Amino acid sequence: MGNSKAKLSEVLIDSTNEAKLKAAFQSYDKDGSGFIDREEAKHFAKDLLKIAEKQLKTPRKDILTPNISLEEYFDKNFSIMDRDGSGQVSYEEFKDFLQKYA
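First things first, this report covers the structure right here in the doc. Quick caveat, the model's predicted, so the values are computed rather than measured.

### Describing the environment of Ala41
Turning to step 1, where the next piece is worked out: Take Ala41: it is sitting in helix H3 (residues 38–56).
Turning to step 2, where the next piece is worked out: Accessibility expressed as a relative area gives 1% for Ala41, which makes it buried.
Turning to step 3, where the next piece is worked out: Between the C-alpha atoms of Ala41 and Met81, which are 40 residues apart in sequence, the distance is 9.6 Å.
Turning to step 4, where the next piece is worked out: Those residues in contact with Ala41, other than ones at most four positions away along the chain, are Ile36, Phe74 and Phe78.

So this is what it looks like as structure tokens:
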């Protein structure tokens, strides 16, 4: 599967590249189900924060909205990604999220 964070970094630079989007999605779909479940999505959220910290040269505590925990940050972003409320994120939902918010 490769390095998930590296693949995500590439997608954040060019979120229109279908091959890079698919590779990033597959790197988080650890069980190969074709979906990213809540547990798999936690790795995505952590990597997203790490990339933001590095690119913005800002500590995590300053990136998160004041008074929001990491778990609340995750829950909010997961519910945005999981548009149909199925409890898992499809490739299309993942792609739409990155293209809209990256």
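### Describing the packing of helix H2 (residues 18–28) against helix H6 (residues 91–101)
Turning to step 1, where the next piece is worked out: Packing of H2 against H6 leaves a shortest axis separation of 10 Å and a crossing angle of 115°. Viewed along their axes, H2 and H6 form a crossing whose handedness is right-handed. Residues Glu18, Leu21, Lys22, Ala24, Phe25 and Tyr28 of H2 form the contact with H6, whose participating residues are Tyr91, Phe94, Lys95, Leu98 and Gln99.
Turning to step 2, where the next piece is worked out: Each residue belonging to the contact of H2 with H6 can be placed in one class, and the counts come to 7 nonpolar, 1 polar and 3 charged.

Basis of the calculations
- Residues numbered from 1 in each chain as written.
- Predicted model: local features only at pLDDT ≥ 70, side-chain atom pairs only at ≥ 80, totals over all residues.
- Heavy atoms only, no water.
- Helix = DSSP H or I, 4+ residues; strand = E, 2+ residues; numbered from the N terminus.
- Buried < 20%, exposed > 50% of the residue type's maximum accessible area, 1.4 Å probe, protein only.
- Contact = heavy atoms within 4.5 Å.
- Axes fitted to C-alpha atoms, helices over the stretch in contact; angles between N-to-C directions.
- Left-handed = near helix turned anticlockwise from the far one by under 90°.
- Nonpolar A, V, L, I, M, F, W, Y, C, P; charged D, E, K, R; others polar.

Honestly, it's all geometry; don't read function into it.
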